[in-house]
Amino acid sequence: MSLDIASIDTISEINMDYTATIFLRQRWTDERLLFQGNKSLSLDGRLVELLWVPDTFIVDSKKSFLHDITVENRLIRIFPNGTVLYALRITTTVACNMDLTKYPMDRQTCTLQLESWGYNVKDVVFYWTRGNQSVSGLDTLQLAQYTLEDYYTSESEAVYETGNYPKLIFHFRLKRSILYFILETYVPSSALVVLSWVSFWISQSSVPARICIGVTTVLTMTTLMMGARTSLPNANCFIKAIDVYLGICFSFIFGALIEYAVAHFCTLHQPNAANAYMYGQEMQEREDEMNGIVTSIGGSHGLRARKREEVLSRTGSTGSPTHSLAKEELAGGQGSGAGSTSDHRGCCLRTIKQAGRLVRFLNCCHVENPHYIDNYSRLTFPLSFIFINLLYWTYYLYF
């Protein structure tokens, strides 16, 4: 057998198939057709019903037809040694399993398989006429979105329950042209990301302008994402490379909108100079008040002890048992008062330290000048986008 590829009309990612028009040429020797002479005989295609022909069919074919304008496109040629040439012009739609993980930077390998329907390997043997040279027409083939990288032929056997059947396979590898997708999807999505950064240079007080840019870019990016998926199968389980890039761009655009929301919120809650001074004075007064509480706790215990001692000295009963008992109580009270004073003071100090830590933590989250957020975003957003682009293109082009 030999093939001449006339054209590959369509390659569909949605249906995962391709449609091609081919010239299929089959040669075999039938000793019953020997005749004298040195010229071949070309017969009418309708005489094929009077000859033995192999029952070749195309595996994985979804739909095929034989051209019949103006007559059936068949060729029968008999040579003096009994060799028969049987050629057909066929258009067929063949299934091709595709891996769209790296779409649109993907490479697809499709096959065209020829197999005997009823004759097994004991009856007939299939082989290519000249190996890889048996397939022609690919050098001049022009495809819309693909370029032909490589092709080769192989011979095999199909194993079924009814027996083993001869099979010939033509493999061809296609590489998708990415230029169309760069102009159609990658450049517009990247331009939308850059457009969302314009809001970083607009004053935070210009609320309508910044909100308009943010919402417009988000909606435009959503429309672009929906349009990029129309040419792909909806039920596909693959996360495609173009989906990853569009998701990255959408994240940056949405992040720019969120950045303005945070900056504007901080602007509304930022105290002015007078309020900041009053806030500092209030915090200082609260700190002094807390220190006064600790001092008053210690002083109150000492004052009560001194009053009890004055009362006992006025009674003049220093030698009575009651006086001695009172002294003991006084001494005990002074000791317990000193111990309780130190306990209360330590508890208050620990509370003040914990409150100080909490205030310092909250101050770390506080933005002194909300305009710094825009200044930082002008640098961090472009650098992050460039870095992620380098990782993206390196991974999908070289791995």
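Residues numbered from 1 in each chain as written. Predicted model: local features only at pLDDT ≥ 70, side-chain atom pairs only at ≥ 80, totals over all residues. Heavy atoms only, no water.

Q: Whenever I open this one, the side chain of Thr 153 confuses me. Can you help?
A: Looking at the element boundaries, Thr 153 is found in strand β10 (residues 146–160). For Thr 153, a relative accessible area of 14% corresponds to the buried category. Once you skip the residues sitting within four places of it in the chain, Thr 153 turns out to touch Trp 128, Gly 131, Asn 132, Val 135, Ile 169 and Phe 170. (Helix = DSSP H or I, 4+ residues; strand = E, 2+ residues; numbered from the N terminus. Buried < 20%, exposed > 50% of the residue type's maximum accessible area, 1.4 Å probe, protein only. Contact = heavy atoms within 4.5 Å.)

Q: Looking at this structure, how should I read the UniProt feature "transmembrane region" (unreviewed entry) in the protein chain?
A: On the UniProt side, "transmembrane region" (unreviewed entry) is annotated at positions that read residues 178–202, 208–232, 244–263 and 379–398 here. Secondary structure within residues 178–202 divides into 72% helix and 0% strand; the distance between the first and last C-alpha atoms comes to 36 Å. In residues 379–398, the share of helix is 100% and the share of strand is 0%. The end C-alpha atoms are 29 Å apart. (UniProt positions renumbered as here; feature names shortened; annotations may be inferred.)

Q: Just to check I follow, could you spell out a nonpolar patch on the surface for this structure?
A: Taken together, the side chains of Tyr 395, Leu 397, Tyr 398 and Phe 399 present a nonpolar region at the surface, about 530 Å² in accessible area. Mapped onto the elements, Leu 397 comes out in helix α6 (residues 371–398). You can call Leu 397 partly exposed: its relative accessible area is 46%. (Patch = residues over 30% accessible without salt bridge, like charges linked within 9 Å, V, L, I, M, F, W, Y side chains within 5 Å. Areas by Shrake-Rupley, 256 points an atom, 1.4 Å probe, with all protein chains shown as cover. Salt bridge = Lys/Arg side-chain N within 4 Å of Asp/Glu carboxyl O.)

Q: I tried to follow the packing of helix α2 (residues 207–228) against helix α3 (residues 241–268) on my own but got confused; where do I start?
A: For any two helices packed against each other, one specifies the inter-axial angle together with the distance between the axes. One way to put it is that α2 packs onto α3 with a least axis distance of 10 Å and a crossing angle of 165°. Looking at the two axes, α2 sits roughly antiparallel to α3. Crossing of α2 against α3: the hand is left-handed. Side by side, α2 and α3 meet where Val 207, Arg 210, Ile 211, Gly 214, Val 215, Thr 217, Val 218, Met 221, Thr 222, Met 225 and Ala 228 of the first sit next to Ile 242, Leu 246, Cys 249, Phe 250, Ile 253, Phe 254, Leu 257, Glu 259, Tyr 260 and His 264 of the second. Its residues assigned to classes, the contact of α2 with α3 comprises 15 nonpolar, four polar and two charged. (Axes fitted to C-alpha atoms, helices over the stretch in contact; angles between N-to-C directions. Parallel < 35°, antiparallel > 145°, perpendicular 65-115°, else oblique. Left-handed = near helix turned anticlockwise from the far one by under 90°. Nonpolar A, V, L, I, M, F, W, Y, C, P; charged D, E, K, R; others polar.)

Q: It is not clear to me how the nonpolar core should be interpreted in this structure. Could you clarify?
A: Grouped burial of nonpolar side chains is what soluble globular proteins tend to show. Ranked by internal contacts, the top residues of the largest apolar core, which has 65 residues, are Leu 3, Tyr 18 and Phe 170. The element that contributes the greatest number of residues to this core is α3, accounting for 10 residues. Setting aside residues no more than four positions away along its own chain, Leu 3 makes contact with Ile 22, Phe 23, Leu 24, Leu 112, Leu 114, Trp 128, Ser 134, Val 135, Ser 136 and Phe 170. (Core = buried A, V, L, I, M, F, W, Y, C linked by side-chain atoms within 4.5 Å.)

Q: Would you mind going over unusual backbone geometry with me for this structure?
A: Glycine aside, the phi torsion of most residues is negative, and most peptide linkages are trans. Omega for the peptide link from Ile 69 to Thr 70 comes to 0°, which places this bond in the cis form. Mapped onto the elements, Thr 70 comes out in the loop between β5 (61–66) and β6 (74–78). Here the bond from Tyr 103 into Pro 104 is cis, since omega is 10°, no more than 30 degrees from zero. With respect to the helices, strands and loops of the structure, Pro 104 is situated in the loop between β7 (83–95) and β8 (107–116). Phi at Met 16 is positive, roughly 55°, even though this residue is not glycine. Positive phi values are uncommon outside glycine, yet Asp 60 reaches one of about 65°. Residue placement: Asp 60 occurs in the loop between β4 (56–59) and β5. Overall, Asp 60 belongs to the partly exposed group, its relative accessible area being 41%.

Q: Mind showing me how you'd approach the sheet that holds strand β11 (residues 163–176) here?
A: In sheet architecture, strand pairing relies on hydrogen bonds along the backbone and comes in two forms, parallel and antiparallel. Taking strand neighbours across the sheet as the criterion, the four strands line up as β4-β8-β11-β10 in an open arrangement whose pairing is antiparallel. In this open sheet, the two strands that pair with only one neighbour each are β4 and β10. Within this sheet the neighbouring strands show an average axis-to-axis angle of 20°, counted without direction. Sheet analysis places β8 next to β11, joined by nine bridges and oriented antiparallel. By the bridge assignment, Arg 107 is partnered in β11 with Lys 175. (Pairing = 2+ DSSP bridges.)

Q: Would you mind showing me how to read the packing of helix α1 (residues 179–196) against α2 here?
A: At their nearest, the axes of α1 and α2 sit 9 Å apart, and the two run at 165° to each other. Comparing their axes, α2 and α1 come out roughly antiparallel. Relative to α2, the crossing made by α1 is left-handed. Residues Glu 184, Thr 185, Pro 188, Ser 189, Leu 192, Leu 195 and Ser 196 of α1 pack against Ile 213, Thr 217, Thr 220, Met 221 and Leu 224 of α2. Among the residues forming the contact of α1 with α2, the class breakdown is six nonpolar, five polar and one charged.

Q: Even after reading the chapter, I still don't get the pattern of salt bridges, so can you show me in this structure?
A: One side chain can pair with another of opposite charge once the charged atoms of both are near each other. Here the structure, examined in full by the defined rule, presents 13 salt bridges. Where Arg 25 meets Asp 4, a salt bridge forms, and the shortest distance between an N and an O atom there is 3.9 Å. With Arg 25 in strand β2 (residues 17–29) and Asp 4 in strand β1 (residues 2–12), the pair connects residues that are 21 residues apart, well separated along the chain. A salt bridge links Arg 210 to Asp 374; the nearest nitrogen and oxygen atoms lie 2.9 Å apart. In this pair, Arg 210 is assigned in helix α2 and Asp 374 in helix α6, connecting sequence segments 164 residues apart. Judged by its relative accessible area of 2%, Arg 210 is buried. For Asp 374, a relative accessible area of 4% gives the class buried.

Q: What's the story with the environment of Asn 375 in this structure? I'm lost.
A: Looking at where Asn 375 falls in the secondary structure, it is placed in helix α6. In sequence terms Asn 375 and Phe 200 are 175 residues apart; their C-alpha atoms lie 7.5 Å from each other. Engagement of the side chain of Asn 375 in a polar contact is seen with the side chain of Arg 378, the distance being 3.4 Å. (Polar contact = N/O pair within 3.5 Å; in protein donor to acceptor, adjacent residues only side chain to side chain.)

Q: Even after reading the chapter, I still don't get α1, so can you show me in this structure?
A: Because an α-helix completes one turn every 3.6 residues, residues spaced three or four positions apart along the sequence face the same direction. In this model, α1 (18 residues) spans 25 Å end to end at C-alpha, consistent with the 26 Å of a helix rising 1.5 Å per residue. If you look at α1, its biggest bend is around 35°, right at Tyr 186, and the proline Pro 188 turns up within four residues after that. Regarding α1, the residues found buried are Phe 181, Thr 185, Tyr 186, Ser 189, Ser 190, Leu 192, Val 193 and Ser 196. Buried residues in α1 make contact with β11, α2, α3 and α6. (Expected span 1.5 Å × (residues − 1). Bend = angle between axes of the 7 residues up to and from the residue.)

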